[in-house]
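Structural overview
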Amino acid sequence: MRTLDLRGRDLSRAELLDLVPRAAVDIGTAVERVRPLVEAVRDRGEAALREQGRDFDGVERHALRVPAERISASLETCPPQTRAALEQLIEKLRRASAAQVPAEQITTFGDGATVRQRWQPVSRVGLYAPGGKAAYPSSVIMNAVAAQAAGVPSLALASPAQRDNDGAPHESVLWAAALAGVTEVYAIGGAGAVAAFAYGVAEIDLAPVDVVTGPGNVFVAAAKRAVNGIVGIDAEAGTTEILVIADATANPAFVAADLISQAEHDEAAASVLVTDSAELAERVAAELATQVPKARWSERISVALAGAQSGVILVDDLETAARVSNAYGPEHLEIQTRDDDAVLDLIDDAGAIFIGPYTPVSLGDYLAGSNHVLPTGGTARFAAGLGAHSFLRPQQIIAYDRAALADTAAPLGALADAEGLPAHGQAVAARFVTDTDSSGEL
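Residues numbered from 1 in each chain as written. Predicted model: local features only at pLDDT ≥ 70, side-chain atom pairs only at ≥ 80, totals over all residues. Heavy atoms only, no water.

All right, on to helix 3 (residues 46–57) then. When the terminal C-alpha atoms of helix 3 are compared, their 15 Å separation across 12 residues agrees well with the 16 Å that a helix rising 1.5 Å per residue should span. Residues Ala48, Leu49, Gln52 and Gly53 constitute the buried set of helix 3. With its buried residues spanning 140 degrees around the axis, helix 3 presents them on a single face. Its buried side turned inward, helix 3 meets helix 2 (27–44) and helix 8 (190–199). Phi turns positive one or two residues past the end of helix 3, at Gly58, with a value near 70 degrees. (Helix = DSSP H or I, 4+ residues; strand = E, 2+ residues; numbered from the N terminus. Expected span 1.5 Å × (residues − 1). Buried < 20%, exposed > 50% of the residue type's maximum accessible area, 1.4 Å probe, protein only. Arc of directions from axis to C-beta. Contact = heavy atoms within 4.5 Å.)

Let us now look at the nonpolar core. Of all hydrophobic cores here, the largest spans 39 residues; its most connected members are Leu157 and Phe391. Every element with two or more residues in this core is listed here: helix 5 (80–98), strand 5 (124–128), helix 6 (137–150), strand 6 (154–159) and helix 7 (171–180). Look past the residues within four positions of Leu157 in its chain and what remains in contact with it is Leu127, Ala129, Val140, Val173, Ala177, Val182, Glu184, Val185, Tyr186 and Phe197. Listed in part, the 33 residues of the second largest apolar core include Val41, Leu49, Val194 and Val212. (Core = buried A, V, L, I, M, F, W, Y, C linked by side-chain atoms within 4.5 Å.)

For the rest of this paragraph, the subject is the side chain of Gln162. With respect to the helices, strands and loops of the structure, Gln162 is situated in the loop between strand 6 and helix 7. Those residues in contact with Gln162 that sit more than four places away from it in its chain are Val59, Gly131, Gly167, Ala168, Pro169 and His170.

Following the criterion strictly, the structure yields two cavities of 30 Å³ or more and no others. Of the voids in this model, the largest cavity is the one considered here, and its volume is about 40 Å³. Forming the boundary of the largest cavity are Leu6, Arg9, Leu11, Leu16, Thr320, Arg323 and Val324. With three residues, the top contributor of residues to the lining of the largest cavity is helix 13 (residues 318–328). Its residues assigned to classes, the lining of the largest cavity shows four nonpolar, one polar and two charged. Roughly 30 Å³ of volume is contained in the second largest cavity. Around the second largest cavity, the lining residues are Arg2, Thr3, Leu4, Pro21, Ser310, Gly311, Val312 and Ile313. Here the element with the most residues in the lining of the second largest cavity is strand 12 (residues 311–314); it accounts for three residues. Classifying every residue of the lining of the second largest cavity by side-chain character gives four nonpolar, three polar and one charged. (1 Å grid on protein atoms, 1.4 Å probe; cavity = no way out; pocket = protein on both sides within 12 Å on 5 of 7 lines; lining within 4 Å. Points joined across faces, edges and corners; volume = space filled by probe spheres on them. Nonpolar A, V, L, I, M, F, W, Y, C, P; charged D, E, K, R; others polar.)

It is worth spelling out a nonpolar patch on the surface at this point. A surface patch of nonpolar side chains, amounting to about 330 Å² of accessible area, comprises Phe109, Ile398 and Tyr400. Within the fold, Ile398 resides in strand 15 (residues 392–400). (Patch = residues over 30% accessible without salt bridge, like charges linked within 9 Å, V, L, I, M, F, W, Y side chains within 5 Å. Areas by Shrake-Rupley, 256 points an atom, 1.4 Å probe, with all protein chains shown as cover. Salt bridge = Lys/Arg side-chain N within 4 Å of Asp/Glu carboxyl O.)

Turning next to the sheet that holds strand 6. One open sheet holds the six strands; their spatial order is 2-7-6-5-8-9, and the pairing between them is mixed. The open sheet terminates on both sides in strands that have one partner only, identified here as strand 2 (65–66) and strand 9 (232–233). Of the pairings in the sheet, the one linking strand 8 (residues 211–213) to strand 9 comprises two bridges and is parallel in character. When the sheet's bridge partners are listed, Val211 is paired in strand 9 with Gly232. (Pairing = 2+ DSSP bridges.)

UniProt records the feature "binding site: substrate" (unreviewed entry) at Thr240, Gln262, His265, His332, Asp365, Glu419 and His424, using the numbering of this structure. The annotated residues occupy 185 residues of the chain and do not converge on a single region, their most distant C-alpha atoms lying 57.1 Å apart. For Gln262, the position within the fold is in helix 10 (residues 252–263). On the basis of relative accessibility, which here comes to 0%, the residue Gln262 falls in the buried class. The contacts of Gln262, once residues within four sequence positions are left out, are Thr240, Ile242, Ala269, Ser271, His332, Val361 and Asp365. A distance of 3.0 Å separates a polar atom in the side chain of Gln262 from a polar atom in the side chain of Thr240. Given the relative accessible area of 61%, Glu419 is considered exposed. (UniProt positions renumbered as here; feature names shortened; annotations may be inferred. Polar contact = N/O pair within 3.5 Å; in protein donor to acceptor, adjacent residues only side chain to side chain.)

Further remarks concern the environment of Val218. Here Val218 lies in helix 9 (residues 218–227). Since its relative accessible area comes to 26%, Val218 is described here as partly exposed. Along the sequence, Val218 and Gly190 sit 28 residues apart, while their C-alpha atoms lie 9.5 Å from each other.

Covered by surrounding structure in strand 12 are Gly311 and Ile313 together with Val312 and Leu314, the residues of both alternating faces. Across three bridges, strand 1 (residues 3–5) lies against strand 12 in parallel orientation. Residue pairing in the sheet places Leu4 in a bridge with Ile313 of strand 12. One ladder, built from four bridges, connects strand 11 (residues 270–275) with strand 12; its direction is parallel. Within strand 12, the position partnered with Thr275 by the bridge is Leu314.

This is the structure:
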């Protein structure tokens, strides 16, 4: 991993934004590549999906919609220990997601005047689960359970067709769908799946959705950008990233293991250590040299750790470390220091924050009870991770009676006149017209 030494430098936030390691991802260029794929699905439906399945997944003549009985039957191949883990994840996530649903609130402005705030779920959601370098049954559950907690009545799931599974999505994706209660599943991958969700495909009874969520590669993110506005999206998710703030008290073996855990996702994954201890940095480097060769995906991990998106950042103190982290806006932030809470108080921008030596990011990836679909690429500075709230729309319900409206008529009319919109005031005054007063004025 390369080292960036910021010690002795008083850098502004803008300078930090320029300096922090970042993956070179050009969504704009990817959009131009996927736009023809999206438009083909919009215009030609099933025929375009089958062409894309042949070209990108190497699968032909398969069922684009997975029969419901195939989904439920998949559980026969699910190892008991894996099923128990998935069921534990579902139970924890249901509880945590339910806590994200706001209670209805009523504000009263005197007698007969109320504004009610309610949170209404969207009607239909399309969930995407990747199927490239790895299958992600946990992502199926993260998306589906959050939507269910919000009260979404209709869910559809898409995941790439697998040649070694008779053209169905990966078997583990089907396990997760069955356990989460998702019965509408499609063997469709990449940009085509996003387009199918946005426009619908009548030939396979795929109705358009309101929101598309779920992780994916740069082309899935680009397809989301291409359909954003036709449907809502959760985020243009990129490759995974971890930033660890650690001081001399941190265990270097733990830090190295956590950096490796995210680097195994993809060669473009970002693993960043920010520390005020040069000695810790050296000890972590030694641990990486020992641990990486032993990892199953050592070659992939080595490429990720050596990439421009990864590195060690040396700083003067933990306050500066927090400033670096806030500028980076990490998807996953770990804090392993002498006083974790003091550092946490300095953090504003992160997708999810993992406190202490016994809370690794991999816990959040699977069984913490938190959601692992999180903002990447610095978007944690303005965006949130997936949750029940992602599928809810706040609605204001206004109810005034005659007397309450009468109390508001004069100031409302004054504002309408000030804005040159007198008909707004007249719409109120018209409600108080009497037989003897045809002017409409109170």
